[in-house]
Structure formats: C-alpha cells, structure tokens
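# Structural features, examined
This is what each chain is made of:
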Amino acid sequence: MKRIFGGINLTWPKLIIAAIIVGIYTAIMAMLPIVKDTSFSDLTVTFEVWIFFGIFIIMNSKSANDSALKCFIFFLISQPLVYLVQDIINNSNLFLTYYRFWVAWTIACIPMGFIGYYMKKDKWWGLLILVPMLLLTGEECAGYLSNTMFSFPRHLLTTIFCISALIFYPLAIFKSKKIKITGVIISGILIILIILLCIINPPVYSTDILFNGEKYKFDDNYKVYLTDNKYGELSIRYESGIEDWKVHAEFKKAGKTEFILESPDGKKTIFDISIKRDTYTLKEKNN
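Summary of the structure given here. Throughout this document, residue positions are counted from 1 along each chain, in the order its sequence is written. Restriction of local features to residues with pLDDT of at least 70 applies here, the model being predicted, together with a cutoff of 80 or more for giving and counting side-chain atom pairs; totals for whole chains, interfaces and linings are based on all residues. Heavy atoms from the whole structure form the basis of all side-chain values; hydrogens and water molecules are not counted.

Before going further, it helps to examine the overall build of the protein chain. Numbering goes from the N terminus for both helices and strands, where a helix is a DSSP run of H or I of at least four residues and a strand is a run of E of at least two. Regarding its fold elements, the protein chain presents eight helices and seven strands. The globule rule used for comparison is 2.2 Å times the number of residues to the exponent 0.38, while the radius of gyration itself is calculated over C-alpha atoms. Taken against the 2.2 N^0.38 rule, which gives 19 Å for 287 residues, the C-alpha radius of gyration of the protein chain at 24 Å runs more than 25% over that of a compact globule. Oriented by its inertia axes, the alpha-carbon framework of the protein chain measures out at about 80 × 45 × 30 Å. Each residue is placed in one exposure class: buried if its accessible area under a 1.4 Å probe, protein chains only, is under 20% of its type's maximum, exposed if it is over 50%, and partly exposed if it falls in between. With 287 residues in all, the protein chain has 43% of them scored as buried. A separation threshold of at least 6 residues defines the contact pool for the protein chain, and within that pool the share at least 24 residues apart is 63%. By element, 64% of the accessible surface of the protein chain is carried by carbon and sulfur atoms, the whole surface being about 15700 Å². Think of it this way: Lys and Arg go in the positive column, Asp and Glu in the negative one, and His and the chain ends go nowhere. Charge positions come from single atoms, namely NZ of Lys, CZ of Arg, CG of Asp or CD of Glu. Across the protein chain, the mean location of the 30 positive side-chain charges is 16 Å away from that of the 24 negative side-chain charges. Between two residues, a contact is recorded if the distance between any of their heavy atoms is within 4.5 Å. For the accessible areas, the method is Shrake-Rupley and the probe is 1.4 Å, while residue cover comes only from the protein chains on display.

This is the structure:
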C-alpha cells in the first residue's frame, strides 16, 4: 500500500502518459453500450475514481508546488480528452456543452493539490485534510450501494471500490498508528452509516407509467398490479395538473415482469414491463 501512495517516482512523462490513457479510457467507457449503467462506466459520471487519482498524484509528488501543478496538469489533460474523443468518434459537441462545468474543478486542483500534499507530514491535521475526500467518497458510495440494492449486481464493483478506498486511504497515507486507527474509525463509522441509511431508506424508483387517454381508458374503479409484487407497487391516482387519471409506480427492484390493467368487469390489458434504476420500457402484450 505504501508503494502506491508514496513509493512511485511520478515523473512528468509518466503523469502525462497516464492522463492521456485515463482520458481515452474514460471516453471509451462512456461510449460502449455494453458497459452502460455498470461499474465500468461509473467513472464517467462520479468522483470516486478521480479522487483516487488525485490522492495518488499528491502522495507521489516531491513538494506542495509539485503536487499542485501535477494535479492541475493531469486533470487539464484527462478531462478534456474524455469529451474530445467522443466528439471525434461520434461527431458530437460534448466538449463545448459539458467541459465548461469541469473548468472550475480543474482550477481547484491547484489549491487542493497544494494543501493535500501536507497529508504527507503525518500530523493530525493531515487527517483533517483527508476527511473531505472521505466524505465525498462516502457520498458516492451511498449512491452506488443504493443502486446495487435496486439492480444487483450493477455497480457492485464501484460500491466495493468505495468501501475499500475509505479503509485504504488512512492506512496507506499515514505512518502514525494513532492517526491510522482514528482514520479507520472515521471511515468505519461512515460505512456503517451508509449501510444503515440504505437499509432504512431502500431505493425506490417513483414514476408514472400510464395516463388515461384515447388508447387506454381507466379510472379509480380499475385495478392495477404487477404479476410479481417484489418489483414494486402500482396505484391509480388523479393528476390535478392534467385533470385526469394516471397509473403511478413505486418500483423497488430492477427486472422484467408484467403489468396488469383490469377493468371492473374483469377485462385485463397486459403489458410487458422492463424496469431499470431510473427508466422503464412498457409494451402491450398480444392477447
């Protein structure tokens, strides 16, 4: 562990080559349909892996100035490449559309890299510098644990990475046994809180899946249900905004099942429904 965080001669050529490789790899993961909504594409949208890269650079830098500049250059190269590669391959306009949101983060790498270097001094205040990174990693962990619970095993690797990182960082960064133990205790409490939060408030995908109209006619006298209720619950509600009825869903699990719309006289309209974490597809079956 110590070799990863402090035992590597991080020269400028190595840093630049790594930034190029990471930028291109991230762009590829963003474009590959097969890895969409999996752990392999998570680094394209959230911070957990980029926090690891930042700490890796900080701990293998030779001075505070060296750390600040290397962090800045790494993200100045890698982040634009993520969008530029996609623009070149897909003839899109992602760089101008999205990169402007990352400019501030890239500039912030200068003070963060400078301050972060002082974790190497192995003092108590070094742990205070690390805590915001632990909290941000913990926030990402909570989101991905929730996603894994909803659509197992999707995002499981990212969840494991985040939990491992929370324990790994204080153990690898600090030499003092007391600081290590304190850091692990902080991370342990954070992990327990994350797990409890996800158990107490399990993930739910709340959405409306059908509206009363020309094709499907229904009101609150109709029944709606899923053939397998482990995927969630359905109800018919009145939507005042459109002054009409709708079928509302509270999905609890990803998967495929059937959705039944049953009239008061027992006539059933059956749909195949495929549920994902934040989307669904609905198709009427041929009866």
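What follows picks up the thread again.
Let us look at the state of the cysteines. Any pair of cysteine sulfurs within 2.5 Å is marked as a disulfide. The tally for this structure, following the rule as stated, stands at zero disulfides. Left without a disulfide partner, C71 is nearest to the cysteine sulfur of C109, which lies 6.1 Å away. Given a relative accessible area of 4%, C71 falls into the buried group. Distance from the sulfur of C198, which forms no disulfide, to the nearest cysteine sulfur (C141) is 7.7 Å. Exposure remark for C198: the relative accessible area of 4% places this residue in the buried category.

Running from N to C, helix 2 (residues 48-59) and helix 6 (residues 124-150) cross one another at 155°; their axes reach a closest spacing of 9 Å. One way to sum up the angle between helix 2 and helix 6 is to call them roughly antiparallel. Regarding helix 2 and helix 6, the two cross each other, and that crossing is left-handed. Between helix 2, through E48, I51 and I55, and helix 6, the contact on the second element is made entirely by L130, M133, L136, T137, E140 and Y144. Amino acids are sorted into nonpolar (Ala, Val, Leu, Ile, Met, Phe, Trp, Tyr, Cys and Pro), charged (Asp, Glu, Lys and Arg) and polar (every other residue, Gly among them). In terms of residue class, the contact of helix 2 with helix 6 is made up of six nonpolar, one polar and two charged. Here the axes come from fitting lines to C-alpha atoms, over the contacting stretch only for helices, and the angles between their N-to-C directions go from 0 to 180 degrees. Here the angle decides the label: under 35 degrees means roughly parallel, over 145 means roughly antiparallel, 65 to 115 means roughly perpendicular, and every other value means oblique. Handedness of a helix crossing follows the sense of rotation of the near helix relative to the far helix, less than a right angle counterclockwise being left-handed and clockwise being right-handed.

A word on a nonpolar patch on the surface. By definition, no residue in a patch forms a salt bridge, and every one has over 30% relative accessible area; like charges are joined within 9 Å, nonpolar side chains (Val, Leu, Ile, Met, Phe, Trp, Tyr) within 5 Å. By salt bridge we mean one thing: a side-chain nitrogen of Lys or Arg within 4 Å of a carboxyl oxygen of Asp or Glu. On the surface, a nonpolar cluster with roughly 660 Å² of combined accessible area is contributed by W12, I16, I20, I24, I28, L32, I34 and L69. The biggest single contributor to the nonpolar patch is helix 1 (residues 12-31), with five residues. The topology assignment puts I34 in the loop between helix 1 and helix 2. By relative accessible area, I34 is classed as exposed at 71%.

What follows deals with the nonpolar core. A general trend in soluble globular proteins is that nonpolar side chains are found buried together. Residues F5, I55, F74, M119, L130, Y169 and I173 are the most contacted members of the largest nonpolar core, which totals 43 residues. When residues of this core are traced back to their parent elements, those giving at least two are helix 1, helix 2, helix 3 (64-90), helix 6, helix 7 (156-173) and helix 8 (177-200). Considering each element in turn, this core owes the most residues, nine residues, to helix 2. Non-local contacts of I55, meaning those with residues more than four positions away in its chain, are made with F5, L130, M133, Y169 and I173. For this analysis, a nonpolar core means a set of buried residues of the types Ala, Val, Leu, Ile, Met, Phe, Trp, Tyr and Cys, connected via side-chain atoms within 4.5 Å.

Once that is clear, we can look at the environment of Y169. For Y169, the position within the fold is in helix 7. The class for Y169 is buried, based on a relative accessible area of 0%. As a C-alpha pair, Y169 and K246 span 77 residues in sequence and 49 Å in three-dimensional space.

Cis geometry marks the peptide bond from F152 to P153; its omega dihedral reads 5°. Looking at the element boundaries, P153 is found in the loop between helix 6 and helix 7. A positive phi angle is found at D122, which is not glycine, with a value near 60°. Secondary-structure assignment places D122 in the loop between helix 5 (100-116) and helix 6. The backbone of E243 shows a phi angle near 55°, a positive value even though the residue is not glycine. Tracing the backbone through its elements, the reader meets E243 in the loop between strand 3 (232-239) and strand 4 (244-251).

Turning next to the environment of T44. Here T44 shows up in the loop between helix 1 and helix 2. As for T44 and K14, which are separated by 30 residues in sequence, their C-alpha atoms are 22 Å apart. Beyond its immediate chain neighbours, meaning those up to four positions away, T44 contacts T26, M29 and A30. Looking at T44, its side chain comes within polar contact range of the main-chain oxygen of S41, at 2.5 Å. In the analysis that follows, any N or O atom pair within 3.5 Å is treated as a polar contact, provided that within protein one partner can donate a hydrogen and the other can accept it, and provided that, for residues neighboring in sequence, both atoms belong to side chains.

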